[in-house]
Amino acid sequence: MTTSLPDTTAEKEAAVAPTKQSESPLAQLRHRPEVGALIGTLGVFVFFAIFGGEKFLAPAGAASWLNIASELGIIAIPVGLLMIAGELDVSVGSVLAGSSMTLAIVSGHWGAPMIVGILCALGLGLLTGLLNGFLVTRTNVPSLVITLATLSGLAGLTLGLSRVTTGTTSVPLNPDPFSKAVFGQLVAGQFEVAIFWWLGIAVLVAVVLQLMKYGNWIFAIGGDAESARATGIPVNRVKIALYMASGFGAALVGVIQTILYNGAQVANGQSFVFNSIIAVVVGGVLLTGGYGSVVGVVLGTLTFAIVNQGIYYTGWNSDWASLILGILILAAVLMNNTFRRLALSYKPRTARKA
């Protein structure tokens, strides 16, 4: 008596594949990690659209928070990658200031070509990131401590060298038309060209994080660095590269601000230190690492920028701005945590055997 062998492929698919009709597309959407950030962004936008009125919705109003979001986002995206990998970088404020003064001194005070000043400024960001990454991976000192030291040290170095070199803490710059168009142009007289830099970087990083092996490495390192190392992932090299990316992002914003405002000041950039972390956390990235997305970081940056600027369109007493900002950001984070738990606890249903 002969028996036919079962179709093992079909049986496996029936046993392990999720039942497509077990949940509606809307129900499945709640398991996406970006949904909490999206709802937070839409929530604060609707809130300020109602209470801020036409001024908030007008092009000038949109430009006010999009411009802030673009500059913050250029820094927040690489900082978010570092946090996914389980590390922190709070030196970005001093990198921004240092790169701004580098460009202003090299091309403004000394008169070198703009391309030379821009390359020097971006090089400072990469060098600082290399130093941070080297110290973090070689000393086992927490990254918060290392980058706090870099934040303070680079701030002091920028101040001291600026006074020795120029005798002042504010240096003017007269950029050439090409540099102005690429880095400091106002589209329609209101929207910074930095918006396009931000969107381009977001797309590029999203491709790396979701479609390339390097993205898997970043998530693996954030989940368990020792296990990642045991599987052959070059943990130290990846971390150093991420710190260099963070330094480059901060330096790029320093270049953009210097060319946009035709000069630099030593005190620039310190607000980006914690604002970038707030935007990343609002966007759903875990402080403990191993979880997050570029889309979430972009939405978190938008949420922060809308709240930061929207309060001034409501006509309310600005003395309460910080309180309202804190409440709305906390609400966004709590909502995001709820959807994060749903995403992490989600297990697809399996099809029942007949």
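Please read these numbers as outputs of a predicted model, since none were measured by experiment.

Basis of the calculations
- Residues numbered from 1 in each chain as written.
- Predicted model: local features only at pLDDT ≥ 70, side-chain atom pairs only at ≥ 80, totals over all residues.
- Heavy atoms only, no water.
- Helix = DSSP H or I, 4+ residues; strand = E, 2+ residues; numbered from the N terminus.
- Buried < 20%, exposed > 50% of the residue type's maximum accessible area, 1.4 Å probe, protein only.
- Contact = heavy atoms within 4.5 Å.
- pLDDT = per-residue confidence, 0-100.
- Polar contact = N/O pair within 3.5 Å; in protein donor to acceptor, adjacent residues only side chain to side chain.
- Phe/Tyr/Trp six-rings, centres within 6.5 Å; stacked < 30°, edge-to-face > 60°.

**Brief notes about the overall build of the chain**
A tally of helices and strands in the chain yields 15 helices and four strands. Here the chain, with 354 residues, has 47% of them falling under the buried criterion. For the chain, the proportion of contacts with a sequence separation of at least 24, taken over those separated by at least 6, is 78%.

**Some remarks on the confidence of the model for the chain**
Taken over all residues, the pLDDT of the chain has a mean of 85, while the share at 70 or more is 85%. Note on residues 1–21: pLDDT under 50 across the span, and 13 contacts to partners over four residues away in sequence or across chains. Segment residues 350–354 is flagged for pLDDT under 50; beyond a separation of four residues in sequence, or across chains, it makes six contacts in the model.

**What about the side chain of serine 64?**
Among the structural elements, serine 64 can be located in helix α4 (residues 59–84). Separated by 3.1 Å, the side chains of serine 64 and tyrosine 313 make a polar contact. Discounting residues that sit within four places of it in the chain, serine 64 has contacts with Gln309 and Tyr313.

**Side note on the packing of aromatic side chains**
As enumerated under the stated definition, the model contains nine aromatic pairs in all. Ring centres of phenylalanine 45 and tryptophan 65 lie 6.2 Å apart, and the angle between their planes is 75°; on these two criteria the pair is classed as edge-to-face. Pair noted here: phenylalanine 45 is in helix α3 (residues 35–57) and tryptophan 65 is in helix α4, with a separation of 20 residues, a long-range link. Of the residues examined, phenylalanine 45 reaches a relative accessible area of 30% and is grouped as partly exposed. Taken together, a centroid distance of 6.1 Å and an interplanar angle of 40° make the contact between phenylalanine 48 and phenylalanine 56 tilted. As far as the burial class goes, phenylalanine 48 and phenylalanine 56 line up, both buried. An aromatic cluster is built from Phe45, Phe47, Phe48, Phe51, Phe56, Trp65 and Tyr313, whose rings are joined through pairwise contacts.

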